[in-house]
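Each chain, letter by letter, is given below.
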Amino acid sequence: MVSFWEILSPSFLLFPALLGSVILAFVCPLVGAHLMLRRRVFLGLTLPQIAACGVAGTFWLQHALGFTHGSGGERLLATAGSLVFTLAGMGLLAYLDRRATGSPEGRLAAAYALASALTILFIVFNPAGELEILNLLKGEVISLSKEELKLLAIVYGVVYVGLVLFRREFLLNSFDRDLSFLLTGGSAQWSFWLYVLCGFSIAIGVIMAGPLLVFGFMVLPPLAARTLARGMSSFLSLSSLIGIFIAVLGFYLSVRLDLPLGPTDVAFGCVVIFAVYAVQSILRRGGGVAGLIVFILTLCAGCGARRSEAPLDLSTLGKGPVWLSSVRNGTGSDLRLPATNPLRSLGEMAGKLPPESRPTVMDLLRGSLQRELQHRQIAVSLPEERDVRLQSFPFDAVSAAANARTANLSGWLWLWEIRRWHTDGRSPLRTVVEMQLVRIDNGGVSWQRQIIKTVPLSGAARLDETSADAIRDILREVFGA
Amino acid sequence: MSNGLPLVTLRAATLGYDGAAVLQAVDLDIRAGELIAMAGPNGSGKTTIFRTILGFLPVISGLLVRNCTLSEFGYVPQSSALDSTFPITAREVVAMGGFGRLKPYLGLPGREKQRLHDVLDQVGLAHLAGRSFFSLSGGQRQRMLIARALMVGPKILILDEPLSGVDPESQKAISELLLMLNREEGKAIFFSSHDLRMVRSVTDKILRVDGGRVVWEEGSVAQHPW
């Protein structure tokens, strides 16, 4: 199990993703704060959706024009589409704000609905790269490459520097456009530059992290900061600090609980807002400093905490035997490994061999543990070899032990279930495996572990190689070495 | 001072929005050191005159001459026109008046900090500078906005209903402040109000705006119930 401090280490596998999240969380709140001050917070929702529409639209255009999909420049193409659509959408909305009558919120809502609908239609019309486009739209910040991280840092660096250098002009323009006109000679130019910075940060952010995370970081930290800040300087600084806080703790929760990063960050951001309101309400009632300290300490206490993660103590097994039940598959997919033998592949293609005859991750895992236990002089048996009815056991210890006793098994029963074993081909393989060692005579659990592993794809060309890497890591956790 | 060129001149001007006239045949001179009030009911076109003088609206027809730059106007809007959800301190609001002189990327230089302190002293609210602007009373906010206008270093102060929505004590404080700025510092002041009685207690040079026309004060208060 990963501790809070481990994820902060540059050697941590997902550290680039954490860095990307922190960059987004540092700059997006500043952009969002300005939109919020201008009462244009829905622009922060609509523009990411327009950017997403740009990604889908560009791929549809590529498909419609007959260019080959998957030539490797998808990210570049997606970035270009996102940028063009965002800037064009922003320009159109600004034009309508000046020329059209009616409510600006209504226009933003209509633009959001249109962009959402077009995004789906573009994907429907382009079946060639549906999955890939969906991945880009989801924005897997977790799979950021070093080059993408560099691009994100450069663009967001420029946006940040722009917002800091011209902070006075943007502030004045947002607060009192009349005075901005009198003192700086034109309020429209500052609005224009602010929206250009917004457009770039949103267009790039959506490609790197998806519309949900970008909108979340733009809106949630400033909302929390506004209740705490009295002045503009503290409002902007607090927005960024709260953004980083949400990014780091959200990332930790995502890794620890094996949840998708974007929704975890956004949900955690909402919790932070409620917490800030609650703390402020306590402070208003007086004597709240103690409450605030307790709140911060409570929040931090869980970060360094580690669940009991004792490795298996082989001495408890005595002479054994250990009955290795077949591994339960709770993932919903068959986890079948690709064929390594070209003759087998040919056989499958010819219909001579069913694909079901290929080994699965479950087979690989059980076989590896069996060898490992035997290597450590522990007697290991497979229940189905004693009684063919024992092909599988329930994961509940008492029921499983009862089943084992009916077949006259004695000693120990090893129960396990794969809860997650997934990669989309770009992101690292993420695995969650539950294990328990049960005494057959009384159904008592003498050892149990949940092992969560994230294994990089780099270096492994295929799923079976990555799975073998993951299994090696899992066994290392089981035996503590 | 008042014998020189007028700071602002309007001659036979038609003023309004998007080509639709609100006021016609407007003649007005504002000279240095003058204190002019503009009185009229709500919706009569007082703000239209201000917005035209400040360059926010074009003149539909007629003549508008300014003998000072736009950055030499100190404009005090109604505080209710500002977004009250803004998390901003009174000091930050007043400091905005100096932004026109500052290079974008520099911090607030020492002389600007001193000037900020001086104008806050001048309006008598230095002790409230660190407070949230929108937590101040209506009268205090109005004085802070006057301080912001003074921060500009203006030749002429234009105030949109500075006495409305504030308690009598604040009205008195603001009136005294305007008189002091006019008499002791020679600032030209042009302000509006819908309360003619209050206007008369401050100045005797009154421009009445009503029915699409402007006329200089004639007659008694009783004839003009607004």
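Above: the structure in question.
What you see is a predicted model; the values in this text were computed from it and never measured.

A look at the overall build of chain A
Summing up its helical and strand segments, chain A has 18 helices and 6 strands in all. For chain A, the residues scored as buried account for 39% of the 481 residues in total. For chain A, long-range pairs separated by at least 24 residues make up 72% of all intrachain contacts whose partners lie at least 6 apart in sequence.

Considering the sheet that holds strand β2 (residues 20-30) of chain B
Residue and element names in this part refer to chain B. Pairing within the open sheet is antiparallel, and its 3 strands lie in the order β2-β1-β4. Edge positions in the sheet fall to β2 and β4 (61-66), since each has one partner strand and no second. Sheet twist, expressed as the average angle between the axes of neighbouring strands with direction ignored, equals 35°. Note that strand β1 (residues 8-17) and β4 share 5 bridges and pair antiparallel. Paired with R11 across the two strands is L63, which belongs to β4.

With respect to the environment of A:L475
Residue and element names in this part refer to chain A. Within the secondary structure layout, L475 lies in helix α18 (residues 463-479). When the 17 C-beta atoms within 10 Å are taken as the criterion, L475 is described as partly exposed. Among all residues touching L475, those that are not within four sequence positions of it are S368, L369 and E372.

Re helix α17 (residues 397-406) of chain A
Residue and element names in this part refer to chain A. For α17, the complete set of buried residues consists of A397, A400, A401, N403 and A404. Buried positions in α17, seen along its axis, are confined to an arc of 155° and lie on one side of it. Exposed side chains of α17 directed beyond 90 degrees from the buried face belong to S399 and T406. Buried residues in α17 make contact with β1 (322-324), α16 (383-386), β4 (412-422), β5 (429-439) and β6 (445-455). Following α17 by one or two positions, N408 has its phi on the positive side, about 60°.

Things to note about the sheet that holds strand β8 (residues 206-210) of chain B
Residue and element names in this part refer to chain B. Across the sheet, 6 strands lie side by side as β5-β6-β7-β3-β8-β9; this open sheet has mixed pairing. The open sheet terminates on both sides in strands that have one partner only, identified here as β5 (73-76) and β9 (213-216). Ignoring which end each strand starts from, the neighbouring axes of this sheet average 15° apart. The pairing of strand β3 (residues 35-39) with strand β7 (residues 188-193) spans 5 bridges and is parallel. Along β7, the bridge assignment pairs M38 with S192. Against the sheet, helix α4 (residues 138-151) touches β5 and β6 (156-159), its axis set at about 165° to β5.

Description of unusual backbone geometry
Despite not being glycine, A:Q377 shows a phi value in the positive range, around 65°. Among the secondary structure elements, A:Q377 is positioned in the loop between α15 (361-375) and β3 (380-381). On the neighbour-count criterion, A:Q377 (9 C-beta atoms within 10 Å) is exposed. Even without glycine at this site, B:E161 takes up a positive phi of about 50°. Structurally, the position occupied by B:E161 is in the loop between β6 and α5 (168-185).

Points about the interface of chain A and chain B
Every contact between the two is made by 20 residues of chain A and, on the other side, 20 residues of chain B. Of all elements in the fold, only α8 (167-175), α9 (177-184) and α11 (232-257) of chain A reach the threshold of two or more residues within the side of chain A that touches chain B. Residues that form the side of chain A that touches chain B fall into these classes: 12 nonpolar, 2 polar and 6 charged.

Brief notes about helix α5 (residues 104-125) of chain A
Residue and element names in this part refer to chain A. The terminal C-alpha atoms of α5 lie 31 Å apart, and with 22 residues this matches the ideal 32 Å at 1.5 Å per residue to within 8%. Taken residue by residue, α5 has L108, A111, A115, T119, F122 and I123 as its buried positions. End-on, the buried residues of α5 take up no more than an arc of 90°, which puts them together on one face. For α5, the exposed residues set more than 90 degrees away from the buried face come down to G106, A110, A113, A117, I120 and V124.

Observations concerning the environment of A:S427
Residues and elements named next belong to chain A. Inspection of the secondary structure assignment puts S427 in the loop between β4 and β5. By the C-beta count within 10 Å, which is 18 here, S427 ends up partly exposed. Sequence spacing of S427 and F395 is 32 residues, and the spatial spacing of their C-alpha atoms is 29 Å.

Some points on the nonpolar core
The biggest cluster of nonpolar side chains holds 154 residues, and the ones touching the most others in it are A:V214, B:V94 and B:I158. Take this core: its biggest share by element is 23 residues, from helix α10 (residues 187-228) of chain A. With 32 residues, the next largest nonpolar core counts A:W323, A:A401, A:L409 and A:W416 among its residues.

Quick look at the packing of α11(A) against helix α12 (residues 261-284) of chain A
Residue and element names in this part refer to chain A. Closest axis-to-axis distance for the α11/α12 pair is 8 Å, and the angle between their directions is 125°. In terms of orientation, α11 and α12 fall into the oblique class. Note on packing geometry: the crossing formed by α11 with α12 is right-handed. Residues I242, I246, A247, L249, G250, F251, L253 and S254 of α11 form the contact with α12, whose participating residues are L261, T264, D265, F268, G269 and V272. Residue composition of the contact of α11 with α12, by class: 9 nonpolar, 4 polar and 1 charged.

Let's talk about the packing of helix α2 (residues 15-37) of chain A against α11(A)
Packed helix pairs are characterised by how far apart their axes lie and by the angle those axes make with each other. Residue and element names in this part refer to chain A. Taken N-terminus to C-terminus, the directions of α2 and α11 make an angle of 150°; their axes are 8 Å apart at the nearest point. Accordingly, the angle class assigned to the pair α2 and α11 is roughly antiparallel. Every pair of crossing elements has a handedness; the one defined by α2 and α11 is right-handed. Facing L18, S21, V22, A25, F26, C28, P29, L30 and A33 of α2, the residues of α11 in contact are F235, L236, S239, S240, G243, I244, I246, A247, V248 and F251.

Each value, and the rule that gives it
Residues numbered from 1 in each chain as written. Chains lettered and ligands numbered in written order. Predicted model: local features only at pLDDT ≥ 70, side-chain atom pairs only at ≥ 80, totals over all residues. Helix = DSSP H or I, 4+ residues; strand = E, 2+ residues; numbered from the N terminus. Buried ≥ 20, exposed ≤ 12 C-beta atoms within 10 Å, placed from the backbone. Contact = placed C-beta atoms within 7 Å. Pairing = 2+ DSSP bridges. Axes fitted to C-alpha atoms, helices over the stretch in contact; angles between N-to-C directions. Arc of directions from axis to C-beta. Nonpolar A, V, L, I, M, F, W, Y, C, P; charged D, E, K, R; others polar. Expected span 1.5 Å × (residues − 1). Core = buried A, V, L, I, M, F, W, Y, C linked by C-beta atoms within 7 Å. Parallel < 35°, antiparallel > 145°, perpendicular 65-115°, else oblique. Left-handed = near helix turned anticlockwise from the far one by under 90°.

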